[in-house]
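These are the residues of each chain, in order.
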Amino acid sequence: MGKAILAFAEQRDGKLKKNAYEVISTGKKLADEIKSELVSLLIGSGIEGLASELGSYGSDKVLVADSEILKLYSSEGYSSVLVDAVKKCDAGIVLLPASSMGKDLAPAAAAKLETGVAMDCIGVAFKDGKLEATRPVYAGKIMTKVGCSKEPFFITLRPNVFSVSAPSPDKKASVEKINVGFSAESIRAKVKEIVAAAGGKMDLTEASVIVAGGRGMKSGENFKVLEELADALGGVVGASRSVVDAGWRPHSDQVGQTGKVVSPNLYIACGVSGAIQHLAGMSSSKCIVAINKDSDAPIFQMADYGIVGDLFQVVPVLAQEVKKVLGK
Ligand SMILES: Cc1cc2nc3c(=O)[nH]c(=O)nc-3n(C[C@H](O)[C@H](O)[C@H](O)COP(=O)(O)OP(=O)(O)OC[C@H]3O[C@@H](n4cnc5c(N)ncnc54)[C@H](O)[C@@H]3O)c2cc1C
């Protein structure tokens, strides 16, 4: 039996994030392969009730650090708990989501344990008994296979890339509490307030459909046509950096190297040229549709489907047709 696999189950406001199911399901597959134990870790306040759900997704054991001090995320607090959890279950592999939280937490805990971390991975597999993670580098131009010469090997998984297994309601996990051995005062950097974006829009990294607009949109008001198509498809609107720099959309909408990395089932790029820095953020989307009036735009090289035309003519027709097909 191999060393335990520890999967960090991210939650916000007492609800598991979609990426938590992806991390647990991936951990379960790996654990089955090396016949090891899958241990999940829950950190927060008032979150103990989530443990049973983690059992149904394949966790053998759930470690729970439940304390008012951990209500809001802090690098120091959460990484200290994660390090404790790694030691407690003697983990050989630690999986986290490549979310904002996971991207901060994984290196912080790995540094404390003086081990390695592979960030934003899109594949994990055992090769000759050693775990190899696949991660895109140079803005997605090259895929590298990364191993780690030390244990535990920390890996963050790109959201929306890894599949979620069906739950088995009968499967139960044992639950063990982790005592929080530090005081609120000992945490030097604290989150004082979280200001939610207006409208409670779904985070781009979790959306299964994204309709993105580029400079070809010509103004912020024109994004209404994209909102309509996104609403019809149950998706959200994203943007290129040019759009964000022009002040047409907030930075939270930006896709790309200096924005968010997304992997939706469907990415519709409207008036986006397809610069390498934009592609870095969306090239792992499962289906890419490009609408651009320039047939030589680089985005068409990446697209599964392309429409050469004026987006102001194409998008409204597309939205109408989608509504008709979906009966909206
Ligand atoms: C360090 C660095 C980091 C960067 N990070 C990012 C990043 O995170 N994300 C990002 O997006 N960019 C990023 N960029 C910027 C990037 O290089 C490009 O400048 C940017 O992506 C271009 O945005 P765009 O495609 O909207 O605009 P453009 O390149 O100007 O393309 C506009 C497109 O719209 C088309 N168009 C115009 N009118 C219409 C119409 N009516 N119908 C259909 N098509 C039309 C045009 O044919 C054109 O292809 C970064 C750059 C640097 C140097």
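What you are looking at is a predicted structure, and each value in this text was computed from that prediction instead of being measured. (Residues numbered from 1 in each chain as written. Predicted model: local features only at pLDDT ≥ 70, side-chain atom pairs only at ≥ 80, totals over all residues. Heavy atoms only, no water.)

## Description of the pairing of strand 16 (residues 287-292)
Keep this limit in mind: Relative accessible area decides the class of each residue, using a 1.4 Å probe on protein chains only: under 20% of the type maximum gives buried, over 50% gives exposed, and in between gives partly exposed. Secondary structure follows DSSP: runs of H or I at least 4 residues long count as helices, runs of E at least 2 residues long count as strands, and numbering of each begins at the N terminus. Two strands pair under a simple rule: DSSP has to find at least two bridges between them. A clockwise course of the path from the first strand over the helix to the second, judged with the strands pointing away from the viewer, identifies a crossover as right-handed.
When you tally the buried positions in strand 16, you get six out of six residues, the bulk of the element. In the sheet, strand 15 (residues 266-270) pairs with strand 16 via five bridges, with the strands oriented parallel. Within strand 16, the residue paired with Cys270 across the bridge is Ile291. Following the chain from strand 15 across helix 7 (residues 276-282) to the adjacent parallel strand 16, one finds a crossover that is right-handed. Bridging between strand 16 and strand 17 (residues 305-308) involves four bridges; their strand directions are parallel. Bridged to Ala290 within strand 17 is Gly306.

## Here we look at the site of the ligand
Going by this rule: Nearness is judged by heavy atoms alone; a residue qualifies as near a molecule or strand once a single heavy atom is within 4 Å of it. Residues adjacent in sequence count toward polar contacts only when both atoms are side-chain atoms; beyond that, a polar contact is any pair of N or O atoms within 3.5 Å, and within protein one must be able to donate a hydrogen and the other to accept it. The protein chains shown are the only cover counted for residues, whose accessible areas, like all others here, come from Shrake-Rupley with a 1.4 Å probe. Just so you know the grouping, Ala, Val, Leu, Ile, Met, Phe, Trp, Tyr, Cys and Pro go in nonpolar, Asp, Glu, Lys and Arg go in charged, and all remaining residues, Gly too, go in polar.
Around the ligand, the structure places 26 residues, and the nearest of them are Arg215, Ser240, Thr258, Ser273 and Asn292. Within the backbone of Arg241, an N or O atom sits 2.9 Å from an oxygen atom of the ligand. For the ligand, the accessible surface in isolation is 990 Å², of which the surrounding protein chains cover 76%. Among the residues making up the shell around the ligand, the classes are represented as five nonpolar, 15 polar and six charged.

## Overview of the sheet that holds strand 17
Strands pair in a sheet through their backbones, by hydrogen bonds, and they do so in one of two ways: parallel or antiparallel. To be explicit about the condition: Structural elements are reduced to axes, namely lines fitted to C-alpha atoms, with helices fitted over the stretch in contact, and the angle between N-to-C directions of any two is expressed from 0 to 180 degrees. Pairs of residues are marked as contacts when any of their non-hydrogen atoms sit within 4.5 Å.
With parallel pairing, five strands are arranged side by side in an open sheet as 14-13-15-16-17. Looking at strand neighbours, the two that pair on one side only are strand 14 (236-239) and strand 17, the edges of this open sheet. Across the sheet, the mean angle from the axis of one strand to that of its neighbour is 20°, orientation sign disregarded. Those strands touched by helix 5 (residues 223-233) are strand 13 (209-213), strand 14 and strand 15, and its axis lies near 170° from that of strand 13. Taken strand by strand, helix 9 (residues 311-326) contacts strand 15, strand 16 and strand 17, and its axis lies near 135° from that of strand 16.

## Considerations on the side chain of Ser285
In this fold, Ser285 is placed in the loop between helix 7 and strand 16. Polar side-chain contacts of Ser285 include one of 2.6 Å to the backbone oxygen of Met282. Each residue touching Ser285, except ones within four places of it in the same chain, is listed here: Val262, Ser263, Pro264 and Tyr267.

## Some points on the domain arrangement of the protein
Note the following rule: An automatic or database domain assignment supplies the residue ranges for each domain. A 1.4 Å probe defines the accessible area here, and the buried area is the portion of it lost by two parts on being joined, summed over both. Between Lys or Arg on one side and Asp or Glu on the other, a salt bridge is scored when a side-chain nitrogen of the former is within 4 Å of a carboxyl oxygen of the latter.
Its domain assignment divides the protein into domain 1 (4-186) and domain 2 (198-326). Here the C-alpha centroids of domain 1 and domain 2 sit 31 Å apart. Counting residues at the interface gives nine residues for domain 1, matched by eleven residues for domain 2. Contact between domain 1 and domain 2 buries roughly 930 Å² in total, counting both sides, with carbon and sulfur atoms accounting for 49%. A per-residue breakdown of the area domain 1 buries against domain 2 is headed by Ala139, Arg158 and Asn160, which together make up 54% of the total. For the interface between domain 1 and domain 2, the tally reads one salt bridge. The partner of Lys17 in a salt bridge is Glu206, and the shortest N-O contact between them spans 3.0 Å. Summed over the shared surface of domain 1 and domain 2, the number is five residue pairs in polar contact (both at pLDDT 80 or more). Partitioning the side of domain 1 that touches domain 2 into residue classes produces three nonpolar, one polar and five charged.

## Overview of the pattern of salt bridges
If the charged atoms of two oppositely charged side chains come close together, the side chains can form a pair. Following the criterion strictly, the structure yields 18 salt bridges and no others. Among the salt bridges present, the one from Glu176 reaches Lys61, with a minimum N-O distance of 3.4 Å. Of this pair, Glu176 sits in strand 12 (residues 174-177) while Lys61 sits in strand 5 (residues 61-66), placing them 115 residues apart in sequence. For Glu176, a relative accessible area of 29% translates into the label partly exposed. The salt bridge involving Arg249 is made with Asp253; its shortest N-O contact spans 2.9 Å. One salt-bridge network, held together by shared partners, links Lys3, Asp90 and Glu151.

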